[in-house]
Amino acid sequence: MTKERAGKAQADDLPLETMGPRRGEDLFSHQNSLLKAINDVFRVALASEAVKDVVKKCLAAAQELTGSRMGFIYDLSRAMLLKSDLGRDSGHIWKRESASAIGESAIRDIWSRVVKDKAPMLVNEPLSHPEWVHISKGHAGITSFMVVPLKRDNQVMGMIGLANKQGGYTRSDRQDIEALSEAFLEALARKRMEERLKISEEKYQGLVENALVGVYQTDPDGKILFANKALAEILEFESPEKIVGVNALAMLKDPQDRERLVGQLSSQKMVSSFECEALTRTGESRTLIVSAALDKETISGMVRDITQRNQAEKQLQQTLDMLRQSMGATIRVIDKIIESRDPYTSGHQRRVSDLARSIAKKLNLSEEIIDALRMAAKIHDIGKITVPAEILA
């Protein structure tokens, strides 16, 4: 037998369970177990603050679904490996490793093939597999294993590996993990989006709390008489002394801003929260908030640089838009799960969602409320996930 044929025979050497579909109570029980695993992953994604909790829940659910004693999830983008072994008390023993650990793995060559082929692999007799590499001393024995790629938009993002199921792995196991992986990737994308949103909010908050405020005095023509260190830094001067004598009005980018600022000062003797664009000494554009008060022959005030704040707000809005897209994808996944549980009412939730949106528009509700009603209506039958399949049948 050739090496290629041996590999194919090994991958297809599956238990007889795969020769026909499950029926009756076994099928209902299995579907409930799969739906519960998917629901648990989404529940942890909603309740937890850390990505690692979602990863752990997915790996634990995969091991429980297949009866695997060992497992791992590998993230290609972050080159991180999370491994789980079931101890004697059936508790998970977690271990997180960097990409360097992959080179020591007994199945490293098979991993690369799974990534390249973008297809799962099931091996129930590892020692006879042509690509098997002898495991290192001290490593737990491998009696069978299955590796399923984590794919998004036909790109492999990582993989789920499971090992040592009593009796070996089946095609049904592969289908279960493929279904679980789709839910896992949606939950993971949502959680990472939330983390980025949180980081953006913290950066935004830090910018607000630690904003540098420039203080200045000028004559009526705009010639700077005094400036503090903060203003010099904002306008990219080497020191406050270097900025003295510079015409502040000439640094405003838009001539109309100069006219408006001078006009308000002449009529009201005070300007508050005047937003304008100014050019620094090096020609860089900065967005400034200017306050000024005219007192006889001097103009005194403060300047705040909000350039980074505006950039952070734009990034925050982009992150919120991406989070909304991720939420929409999650809603669609839940909708599909509910319809698979009760195919007799297929399309019902979508029709209710369309009706709710139409009524909300007639009531002239805001777009935000209309969108919230649409999403809520689309999964209003979410309770069916926990209803026994016998009742829905």
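Residues numbered from 1 in each chain as written. Predicted model: local features only at pLDDT ≥ 70, side-chain atom pairs only at ≥ 80, totals over all residues. Heavy atoms only, no water.

1. Things to note about unusual backbone geometry
What counts is decided by this rule: The way it works is that DSSP assigns letters per residue, a run of H or I at least four long becomes a helix, a run of E at least two long becomes a strand, and they are numbered from the N terminus. Categorising residues by exposure relies on relative accessible area from a 1.4 Å probe, with only protein chains included: less than 20% of the type maximum marks a residue as buried, more than 50% marks it as exposed, and the intermediate range marks it as partly exposed.
For Glu236, which is not glycine, the phi torsion reads 60° and is therefore positive. Position of Glu236 among the secondary structure elements: in the loop between helix 6 (229-234) and helix 7 (240-243). The class of Glu236 is partly exposed, set by a relative accessible area of 22%. The phi dihedral of Asn364 falls on the positive side, at around 60°, and the residue is not glycine.

2. Observations regarding the pattern of salt bridges
Note the following rule: The salt bridge criterion pairs a side-chain nitrogen of Lys or Arg with a carboxyl oxygen of Asp or Glu, the two atoms within 4 Å.
Scanning the model with the defined rule gives 14 salt bridges in all. A salt bridge links Asp40 to Lys36; its shortest N-O distance comes to 3.0 Å. In this pair, Asp40 and Lys36 are both assigned in helix 2 (residues 24-47), four residues apart and thus about one turn of the helix distant. Looking at Asp40, the relative accessible area reads 13%, which means it is buried.

3. Section: the sheet that holds strand 10 (residues 285-295)
For the record, the criterion: The pairing criterion for strands is at least two bridges between them, as found by DSSP. An axis is simply a line fitted to the C-alpha atoms; with a helix, the fit covers only the stretch in contact. Between two such axes, the angle follows the N-to-C directions and lies from 0 to 180 degrees. Whether two residues are in contact is decided by their heavy atoms, any of which lying within 4.5 Å being enough.
Reading across the sheet, the five strands line up as 8-7-11-10-9 and stay open at both edges, with antiparallel pairing between neighbours. Among the strands making up the open sheet, the edge pair consists of strand 8 (224-227) and strand 9 (270-279). Shown here is a sheet whose adjacent strand axes are inclined to one another by a mean of 30°, direction ignored. Lying on the sheet, helix 8 (residues 255-268) is in contact with strand 9, strand 10 and strand 11 (298-305); it crosses strand 9 at an angle near 165°. Against the sheet, helix 9 (residues 307-341) touches strand 9, strand 10 and strand 11, its axis set at about 130° to strand 10.

4. Let's talk about a nonpolar patch on the surface
Test applied: Nonpolar side chains (Val, Leu, Ile, Met, Phe, Trp, Tyr) are joined into patches within 5 Å and like charges within 9 Å, using only residues with over 30% relative accessible area and no salt bridge. Each accessible area is a Shrake-Rupley estimate made with a 1.4 Å probe; only the visible protein chains count as cover when residues are assessed.
Taken together, Leu355, Ile359, Leu363, Leu365, Ile369 and Leu373 make up a surface patch of nonpolar side chains, about 530 Å² in accessible area. Note on placement: Leu365 falls in the loop between helix 10 (348-362) and helix 11 (367-378). Residue class for Leu365 comes out partly exposed when judged on its relative accessible area of 33%.

5. Section: the side chain of Asp176
With respect to the helices and strands, Asp176 occurs in helix 5 (residues 171-209). Not counting residues up to four positions away in its chain, the partners in contact with Asp176 are His30, Leu34 and Leu65.

6. Some thoughts on the nonpolar core
Keep this limit in mind: For the purposes of this section, nonpolar cores are sets of buried Ala, Val, Leu, Ile, Met, Phe, Trp, Tyr and Cys residues that join through side-chain atoms within 4.5 Å.
Ranked by internal contacts, the top residues of the largest apolar core, which has 37 residues, are Ile73, Ile160, Leu162, Leu180 and Phe184. Breaking this core down by element, the ones donating at least two residues are helix 2, helix 3 (51-66), strand 5 (145-152), strand 6 (155-165), helix 5 and helix 9. In contact with Ile160, not counting residues within four places along its chain, are Cys58, Ala62, Phe72, Ile73, Met146, Val147, Val148, Leu150, Ile177 and Ser181. Residues Tyr216, Ala232, Met251 and Ala292 belong to the second largest nonpolar core, which totals 22 residues.

7. A closer look at helix 8
As a reminder of what qualifies: Take the residue count of a helix, subtract one, and multiply by 1.5 Å to get its expected span. The directions from the helix axis to the C-beta atoms form the arc being described. Pairs of N or O atoms are called polar contacts if they sit within 3.5 Å, as long as, within protein, a hydrogen donor faces a hydrogen acceptor (for residues adjacent in sequence, only side-chain-to-side-chain pairs).
In this model, helix 8 (14 residues) spans 20 Å end to end at C-alpha, consistent with the 20 Å of a helix rising 1.5 Å per residue. Every buried residue belonging to helix 8 is among Asp257, Leu261 and Leu265, and all of these are buried. Buried residues in helix 8, looked at end-on, bunch into an arc of 60°, giving them a common side. Facing away from the buried surface of helix 8 by more than 90 degrees, the exposed residues are Gln256, Glu259 and Ser267. In this structure, the buried side of helix 8 is in contact with strand 9, strand 10 and strand 11. Where helix 8 begins, the capping side chain belongs to Asp254, and its oxygen is found 3.0 Å from the backbone nitrogen of Gln256.

8. Thoughts on helix 11
Here helix 11 is 12 residues long and its end C-alpha atoms lie 17 Å apart, about the 16 Å a rise of 1.5 Å per residue gives. Among the residues of helix 11, Ile370, Ala377 and Lys378 are the ones counted as buried. Projected down its long axis, helix 11 shows its buried positions confined to an angular sector of 100°, all on one face. If you follow the buried residues of helix 11, they end up packed against helix 9 and helix 10.

9. Here we look at the packing of helix 10 against helix 11
The relative placement of two packed helices is expressed as an angle between their axes plus a distance between the axes. Quick note on the threshold: Throughout, the term roughly parallel applies to angles under 35 degrees, roughly antiparallel to angles over 145, roughly perpendicular to angles from 65 to 115, and oblique to all others. Each crossing gets its hand from how the near helix is turned against the far one by less than a right angle, where anticlockwise is left-handed and clockwise is right-handed.
The N-to-C vectors of helix 10 and helix 11 enclose an angle of 160°; their axes lie 8 Å apart at closest approach. In terms of axis orientation, helix 10 runs roughly antiparallel to helix 11. Of the two elements, helix 10 crosses helix 11, and the hand of that crossing is right-handed. Residues Gln349, Val352, Ser353, Ala356, Arg357, Ala360 and Lys361 of helix 10 form the contact with helix 11, whose own contacting residues are Ile370, Leu373, Arg374, Ala377 and Lys378.

10. Some details on the pairing of strand 7 (residues 213-218)
Across the two faces of strand 7 the burial differs, with Gly214, Tyr216 and Thr218 buried and Val213, Val215 and Gln217 not buried at all. Sheet topology places strand 7 next to strand 11; six bridges connect them, and they run antiparallel. Counted as the bridge partner of Tyr216 is Gly301 from strand 11. As judged from the three bridges shared by strand 7 and strand 8, these two strands associate in the antiparallel manner. Counterpart to Tyr216 in the pairing with strand 8 is Ala227. Taken together, strand 7 and the strand that follows it, strand 8, pair antiparallel across an intervening segment of five residues, in which Gly222 is found at a positive phi of about 100°.

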